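So you can see what is in the structure, the chains are spelled out below.
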Amino acid sequence: MWSARLCGRQQGGRDHVRAHTRPEIPLSTTGSGPAGGAAGAPNARGSEDALLTLLGLDPLEDALYRLLVDRPDSEPALLTKELAAPLPAVRDALESLVVRGLASSASAGGAVPRYRAASPVLALGPLLESRRSSLHRVESLMATLTERHRSAQAHASGAPVEVLSGAAAIRRRLLLMQEQATTEVCNLMPLGEPRHSVISYEDNHAEIEGILMRRGIALRTVIERDWLENPDTAEALNAYVTQGQQISVVDKLPIKLVIVDRRIALLPLDPEREDIEPVALVVHRTGLLIALSSLFETQFERGTLLRPSPAALPEDASGSLLDPTDRRVLALLHLGLTDSAIARQLGMGHRTVQRRLQRLMAQVGASTRFQLGWHAARIGWLADTPSPTVTQET
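Residues numbered from 1 in each chain as written. Predicted model: local features only at pLDDT ≥ 70, side-chain atom pairs only at ≥ 80, totals over all residues. Heavy atoms only, no water.

### Looking at the confidence of the model for the protein
Should pLDDT be low for a region, the predicted coordinates there are not to be read in detail. Of all residues in the protein, 77% attain a pLDDT of 70 or more, and the chain-wide mean is 77. Here helix α12 (residues 369-378) stands out as the element of the protein with the lowest mean pLDDT, 71, in contrast to strand β7 (residues 257-260), whose mean of 96 is the highest. This stretch, residues 311-320, has a pLDDT under 50; its non-local contacts, to residues over four places away or in other chains, come to eleven contacts. (pLDDT = per-residue confidence, 0-100. Helix = DSSP H or I, 4+ residues; strand = E, 2+ residues; numbered from the N terminus. Contact = heavy atoms within 4.5 Å.)

In structure tokens, the structure reads:
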């Protein structure tokens, strides 16, 4: 999932602006002539020498840029004397600085070109930001490799349970577990405080779940009904269902839980203390994992599956066409939402929802909403909902 590419130059391997390489040249930028004029004399800049090579410049480019900062409009010959470097190599390095936007050149009437340095902020800033970004990617890779190493060591040792401390460590393991899934990922998602979550449901979907679905991994989730109170969240969940997730809706869930391939699970150690310092348990194949899997299946089966908004408008048994808004009202009512919650999610008034429900009840001859739900399922108003079987009274 995370990919990192080390862009920094290592000795013996660097990016080239030109097709050929320059030989290593001993440099002196102190203005006193060739390097090494006094045997063993310390360099005037000390540890600052060639720091710009960390940004991708070679030593000669580094030295030339420093000189141009102090001596604008310099000719190559003057710079050659200052650096005690061959004139062809200096010219090549100057052209490289121009190509990379670190310097500019100007000449009039065929005169020898003069060079001046670009602003360090404008010229070196992007290089610095690029290297900083590369280091951040390497840091992320190191954290991921650390988590993978920890996971592999725990698996090799046969430890049934691991303890993870801190939101960052829990987040990395959660993403790693899902990334390594081969068949399915199961979630119990109670509605908790967002600040207590190591990763939001939306971020987890964007970062890993989309990839899993493209790989054919089954995603099954149980959520609390209160998730649907927020129209934006309900719309996102509807999109996930449309993409292929199975989402079951229940009233309440006892705990957050993630199970991957029925071989590993992640759950909080103490949900009541997550606002202090989150601690999670990683459970491997044990009797405890079997119990956790059974808990998930029980919750999933007792819930109501969230159905996507119908793309088409099928006809009901009487041949009439059901209004798409009425169909959504019925679907939300089937999930157990209140009139107020339905109104908020559909962006309509509370009384408008009630009038629509009353009209539908009158249309099918229902005296209660339970009867309306039964008729809606029987005549196919609820997509993918099996028609109920009843024994007619005599």
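Additional details are given in the paragraphs that follow.
### As for the sheet that holds strand β4 (residues 184-189)
Taken in spatial order, the eight strands of this open sheet run β3-β9-β8-β7-β4-β5-β6-β10, and their pairing is mixed. If you trace the sheet from one side to the other, it starts and ends with β3 (161-165) and β10 (304-305), each paired once. Contacting β4, β5 (218-224) and β6 (246-250), helix α6 (residues 201-214) runs over the sheet at an angle of about 155° to β5. (Pairing = 2+ DSSP bridges. Axes fitted to C-alpha atoms, helices over the stretch in contact; angles between N-to-C directions.)

### Focus on the environment of A343
Examined against the element boundaries, A343 turns out to sit in helix α10 (residues 339-346). For A343, a relative accessible area of 6% corresponds to the buried category. Taking the C-alpha atoms as reference points, A343 and V353, separated by ten residues in sequence, lie 6.2 Å from one another. (Buried < 20%, exposed > 50% of the residue type's maximum accessible area, 1.4 Å probe, protein only.)

### With respect to the packing of aromatic side chains
Geometry of an aromatic ring pair is reported as the spacing of the ring centres plus the angle between the planes. Following the criterion strictly, the structure yields one aromatic pair and no others. Positioned above the aromatic ring of F300, the side-chain terminus of R220 is 4.9 Å from the ring centre. (Phe/Tyr/Trp six-rings, centres within 6.5 Å; stacked < 30°, edge-to-face > 60°. Lys NZ or Arg CZ within 6 Å of the ring centre and 35° of its normal.)

### Concerning the pairing of β7
On β7, burial covers both faces: L257 and I259 on one face and V258 and V260 on the other are all buried. As paired strands, β4 and β7 are joined by four bridges and run antiparallel to one another. Counted as the bridge partner of C186 is I259 from β7. Summarising the sheet, β7 and strand β8 (residues 264-268) pair through three bridges and their orientation is antiparallel. Bridge pairing in β8 places V258 opposite L266. Counting the residues between successive antiparallel strands, the hairpin from β7 to β8 contains three residues, one of them, D261, with a positive phi of roughly 55°.

### Examining helix α11 (residues 350-364)
End to end, α11 covers 22 Å across 15 residues, agreeing with the expected 21 Å (1.5 Å per residue, within 8%). Within α11, the full set of buried residues consists of V353, R356, L357, L360, M361 and V364. Buried positions in α11, seen along its axis, are confined to an arc of 135° and lie on one side of it. In α11, those exposed residues whose orientation departs by more than 90 degrees from the buried face are R351, Q358 and A362. (Expected span 1.5 Å × (residues − 1). Arc of directions from axis to C-beta.)

### Notes on the nonpolar core
Grouped together as the largest cluster of nonpolar side chains are 34 residues, with contacts concentrated most on L228, L237 and L372. Considering every element that reaches this core, the biggest residue donor is α11, with five residues. The residues touching L237, leaving out its near neighbours within four places in the chain, are Y201, I223, W227, L228, I247 and L306. Residues L64, Y65, A89 and A93 belong to the second largest nonpolar core, which totals 22 residues. (Core = buried A, V, L, I, M, F, W, Y, C linked by side-chain atoms within 4.5 Å.)

### Remarks on the side chain of R356
Tracing the backbone through its elements, the reader meets R356 in helix α11. Since its relative accessible area comes to 18%, R356 is described here as buried. Side-chain polar atoms of R356 contact the side chain of D326, separated by 2.6 Å. In this structure, R356 is in contact with D323, T325, D326, V329 and M348, ignoring residues within four places of it in sequence. (Polar contact = N/O pair within 3.5 Å; in protein donor to acceptor, adjacent residues only side chain to side chain.)

### Quick notes on the side chain of T80
The topology assignment puts T80 in helix α2 (residues 76-83). Ignoring any residue separated from it by four or fewer positions in sequence, one finds T80 in contact with A85, P86, L87 and V90.

### Here's the deal with the environment of A143
Within the secondary structure, A143 sits in helix α4 (residues 120-157). Spatially, the C-alpha atoms of A143 and R172 are 7.8 Å apart, while their sequence positions differ by 29 residues.

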